Amino acid sequence: MEAIRKPFQGIWNVVRFNWQFYVFAFGLAFMVLALNLWIDEKYHGYTALMCSLILFTTLVSLCATLYVYDISDLYKLGWIDKLNLQNIKTLVNIHAGFDETSKLLKSKFPDAQLHVFDFYDPSKHTEISIKRARKLHPPFPNTKSITTHNIPLIDNETDVTFAILAAHEIRDEKESFVFFQELERITKPSGKIVVVEHLRDIANFFAYTIGFLHFLSRASWHKSFKNADLTITSEMKVTPFITVFVLEKYGSTS
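Residues numbered from 1 in each chain as written. Predicted model: local features only at pLDDT ≥ 70, side-chain atom pairs only at ≥ 80, totals over all residues. Heavy atoms only, no water.

**What about a nonpolar patch on the surface?**
Heads up, the rule is: Residues with no salt bridge and a relative accessible area higher than 30% make up the patches, which join like charges within 9 Å and nonpolar side chains (Val, Leu, Ile, Met, Phe, Trp, Tyr) within 5 Å. For accessible areas, the Shrake-Rupley method is used with a probe of radius 1.4 Å. Any residue's cover is judged against the shown protein chains and nothing else. We define a salt bridge as a side-chain nitrogen of Lys or Arg found within 4 Å of a carboxyl oxygen belonging to Asp or Glu. Only DSSP runs of H or I with at least four residues qualify as helices, and only runs of E with at least two residues qualify as strands; both kinds are numbered from the N terminus onward. Residue burial is assigned from relative accessible area. The probe radius is 1.4 Å, only protein chains are included, and a residue is buried under 20% of its type maximum, exposed over 50%, and partly exposed in between.
On the surface, Leu-35, Leu-37, Trp-38, Ile-39, Tyr-43 and Tyr-46 cluster together into a nonpolar patch covering about 730 Å² of accessible area. Along the chain, Trp-38 turns up in the loop between helix H2 (19-34) and helix H3 (44-71). The exposure class assigned to Trp-38 is exposed, which follows from its relative accessible area of 68%.

Below is the structure:
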């Protein structure tokens, strides 16, 4: 599995797709230090402290990113072995414009029929990082563009559907409800839906400071699942920063 991804691919992607944030952080640190040219020397300790905090939080963010995307088991997919997925014939992978997992899943389940769907909508998903990623990375072969309210599969067709670091891009609560209803519709009564996400929690706050606001809380996810008649059968951590929700249809006997 490791050969599919290059060393340090995760952190390199994050930096080059979001380089403006790092330029801003280092530029701000430089400007804070430059204040020493105009302010009294007795305040230099404060500017040094501010500069240190800026650089420290940036470094912590980069270290967390390196750990999650390049060192941990996230993209090695070893955590999938703990989900007890058996007799997988039809597999779906849904992403929000940048696909780092379809090749990995195809390698993990070589005999399964894999459908890859991209719900990226430039009018809704306006983050510059996604636009940069799409320009630099071609889509997985036969990827289909969809909307969040219409997945082109029949009812009860899929054994497993993955949404890995994608569903949080759906910011509207009603749209999220319809999206998970669609996942519920296409999933077999014995099937599973696997949602992998950062959470808006303490661990991600310490790793990404205000950046953790881009993620959703555990309570928000639980509400979305419940509204779509999905039951959480298990919840586990891949790292302290990544949570895996395994869902089934409400009342499933699998």
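**Notes on the packing of aromatic side chains**
Rules: Each Phe, Tyr or Trp ring (for Trp, its six-membered ring) is paired with any other whose centre lies within 6.5 Å, and the angle between the two planes then decides the class: stacked below 30 degrees, edge-to-face above 60, tilted in between.
All told, the structure shown has 13 aromatic pairs when counted by the stated rule. Taking 6.4 Å as the distance between ring centres and 40° as the angle between the ring planes, the aromatic pair formed by Tyr-43 and Tyr-46 counts as tilted. On the accessibility criterion, Tyr-46 (56% relative accessible area) is exposed. Seen in terms of ring centroids, Phe-179 and Phe-180 are 5.3 Å apart; in terms of plane orientation they differ by 70°. Their pairing is edge-to-face. Residues Phe-179 and Phe-180 agree in their burial class; the two are buried.

**Considerations on the confidence of the model for the protein chain**
Keep in mind that low pLDDT regions are not for reading the predicted coordinates in detail. So the rule is basically this: Think of pLDDT as the predictor's per-residue confidence, scored from 0 to 100.
Within the protein chain, residue pLDDT values average 92, and 97% of them lie at 70 or more. Helix H5 (residues 128-136) is the least confidently modelled element of the protein chain, averaging 83 in pLDDT, while strand E2 (residues 113-118) averages 98, the highest of any element.

**Focus: the packing of helix H6 (residues 173-186) against helix H8 (residues 218-227)**
To keep it simple, the criterion reads: As a rule, the C-alpha atoms of each element are fitted with a line to give its axis, helices using only the stretch in contact, and angles between N-to-C directions run from 0 to 180 degrees. If an angle is under 35 degrees, it is roughly parallel; if it is over 145, roughly antiparallel; if it lies from 65 to 115, roughly perpendicular; otherwise it is oblique. By convention, the crossing between two helices is left-handed when the near helix turns anticlockwise from the far helix through less than a right angle, and right-handed when the turn is clockwise. The contact rule is simple, with two residues in contact once any of their heavy atoms fall within 4.5 Å. All amino acids are sorted into three groups, where Ala, Val, Leu, Ile, Met, Phe, Trp, Tyr, Cys and Pro are nonpolar, Asp, Glu, Lys and Arg are charged, and the leftover types, Gly among them, are polar.
For the pair H6 and H8, interaxial distance at closest approach is 8 Å and the crossing angle is 50°. Looking at the two axes, H6 sits oblique to H8. Along this stretch, H6 crosses H8, giving a crossing that reads as right-handed. For the pair formed by H6 and H8, the contact residues are Glu-173, Ser-176, Phe-177 and Phe-180 on the first element and Trp-221, Lys-223, Ser-224, Phe-225 and Asn-227 on the second. Partitioning the contact of H6 with H8 into residue classes produces four nonpolar, three polar and two charged.

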